[in-house]
Amino acid sequence: MIGGIVLAGGRSERMGRPKALLKVGNATFLERAIQTLLSGGCEDVVVVLNTEDRTISELTAGAGGRSTAGGGAETQQIDSLRAGLRALPPETRAAVVLPVDHPLVEAATVQELIGAFNRRGAAIVLPTHRGRRGHPVLFGAELFGELLDADLAEGARSVIRGHAADVEEVQVADGGVLVDVDTPDAYRSHLGEVE
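Residues numbered from 1 in each chain as written. Predicted model: local features only at pLDDT ≥ 70, side-chain atom pairs only at ≥ 80, totals over all residues. Heavy atoms only, no water.

Draft legend 1. Representation of the environment of Leu 191 in the model. Its location among the elements puts Leu 191 in helix α7 (residues 184-191). Given a relative accessible area of 26%, Leu 191 falls into the partly exposed group. Distance in space between the C-alpha atoms of Leu 191 and Ser 57 is 24 Å, their sequence separation being 134 residues. Excluding its chain neighbours within four sequence positions, the residues that come into contact with Leu 191 are Lys 23, Val 24, Phe 29, Pro 103 and Leu 104. (Helix = DSSP H or I, 4+ residues; strand = E, 2+ residues; numbered from the N terminus. Buried < 20%, exposed > 50% of the residue type's maximum accessible area, 1.4 Å probe, protein only. Contact = heavy atoms within 4.5 Å.)

Here's what the structure looks like:
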């Protein structure tokens with residue numbers, strides 16, 4: 001089984017409002033992320049929140065995912081990733097990790113990452129666009145222990161750097177892998193005015 005993890009536990013300080021509830025088209029960033037992972041081939045999608053938020057939990061369930069708490073407002077992104085990994089079923093072979101503030105990633109990109117993993121079994125599969133690495137990132141289950149237990153000064157980046165020989169880059173046409181919408185200016189630049 002391939003799982004999906006949406007990292008939605010950030011404090012949204014630079015945006016000034018919860019990024020998960022911002023709109024991309026007719027969907028929220030959260031709904032879009034869940035649907036992208038499900039349509040891309042993830043069989044189970046866990047949304048990691050920093051606290052139990054009823055609105056976001058209901059949106060998560062309505063979009064076909066399930067939510068888990070990531071440890072509170074002071075946690076780091078690696079803490080959210082760890083909460084997501086712990087919430088996945090034990091038979092999970094890999095996890096595709098998508099931050100909620102990357103709302104333009106296409107389901108086809110997730111399919112390409114999973115396809116590359118299924119063909120070659122690389123421990124880490126990530127997309128590149130025009131020579132730059134982006135999101136989401138697929139981690140094989142053999143790295144879950146390290147992601148969960150190691151002292152990672154740079155979070156998951158430490159694992160990616162430590163396993164550079166095990167990284168498979170997949171060139172994608174999807175420019176959304178590079179679009180990080182974490183400020184009102186970034187939102188305006190990519191999606192128009194913040195509603």
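Draft legend 2. Spotlight on the packing of helix α1 (residues 29-40) against helix α2 (residues 54-62). Interaxial distance between α1 and α2 falls to 9 Å at its minimum, and their mutual angle equals 30°. Our classification of the angle between α1 and α2 gives roughly parallel. The handedness of the crossing between α1 and α2 is right-handed. Side by side, α1 and α2 meet where Leu 30, Glu 31 and Ile 34 of the first sit next to Ile 56, Leu 59 and Thr 60 of the second. (Axes fitted to C-alpha atoms, helices over the stretch in contact; angles between N-to-C directions. Parallel < 35°, antiparallel > 145°, perpendicular 65-115°, else oblique. Left-handed = near helix turned anticlockwise from the far one by under 90°.)

Draft legend 3. View of the pattern of salt bridges. If you walk through the whole model with that rule in mind, you get six salt bridges. A salt bridge links Arg 120 to Glu 168, with the shortest nitrogen-to-oxygen separation between them at 2.5 Å. Residue Arg 120 is located in helix α4 (residues 107-120), and its partner Glu 168 is located in strand β10 (residues 167-171); the two are separated by 48 residues in the primary sequence. Assessed through its relative accessible area of 13%, Glu 168 is described here as buried. One salt bridge connects Glu 154 with Arg 161, and the closest N-O pair in it is separated by 2.7 Å. The class for Arg 161 is exposed, based on a relative accessible area of 53%. (Salt bridge = Lys/Arg side-chain N within 4 Å of Asp/Glu carboxyl O.)

Draft legend 4. Up close: the pairing of strand β6 (residues 94-99). Across the six residues of β6, six count as buried, placing the element largely inside the fold. Along β6, one buried face is formed by Ala 94, Val 96 and Leu 98 and the opposite face, lined by Ala 95, Val 97 and Pro 99, is buried too. Two strands pair when backbone bridges link them, and strand β1 (residues 2-7) and β6 are joined in this way by six bridges, in the parallel orientation. The residue bridging Val 6 from the neighbouring strand is Leu 98, located in β6. Across four bridges, the pairing between β6 and strand β9 (residues 137-140) is antiparallel. In the strand pairing of β9, Ala 95 is matched with Phe 139. (Pairing = 2+ DSSP bridges.)

Draft legend 5. The nonpolar core, seen in detail. Judged by nonpolar contacts, the single largest core of 38 residues is most densely connected at Val 6, Leu 30, Leu 37, Cys 42, Val 96 and Val 125. The set of elements that each furnish at least two residues to this core consists of β1, α1, β4 (44-49), α2, β6 and α4. Every residue in contact with Leu 37, bar those within four places of it in the chain, is listed here: Gly 4, Ile 5, Val 6, Cys 42, Val 45, Val 96, Leu 98 and Val 110. (Core = buried A, V, L, I, M, F, W, Y, C linked by side-chain atoms within 4.5 Å.)

Draft legend 6. Representation of the packing of α1 against α4 within the structure. Packing of α1 against α4 brings their axes to within 7 Å, and their N-to-C directions diverge by 45°. Considering their axes alone, α1 and α4 lie oblique with respect to each other. Note on packing geometry: the crossing formed by α1 with α4 is right-handed. Taking contact as the criterion, the partners of Thr 36, Leu 37, Ser 39 and Gly 40 in α1 are, on α4, Ala 107, Val 110, Gln 111 and Ile 114.

Draft legend 7. Layout of the side chain of Arg 82. Here Arg 82 is to be found in helix α3 (residues 77-87). Despite its burial, Arg 82 pairs with no opposite charge; the closest candidate is Asp 79, at 4.3 Å N-O. Here Leu 148 takes part through its backbone oxygen, which lies 3.3 Å from a polar atom of the side chain of Arg 82. (Lys, Arg positive; Asp, Glu negative; His and termini not counted. Polar contact = N/O pair within 3.5 Å; in protein donor to acceptor, adjacent residues only side chain to side chain.)

Draft legend 8. How the structure looks around the environment of Leu 138. By secondary structure assignment, the location of Leu 138 is in strand β9. Among the residues examined, Leu 138 registers a relative accessible area of 0% and is labelled buried.

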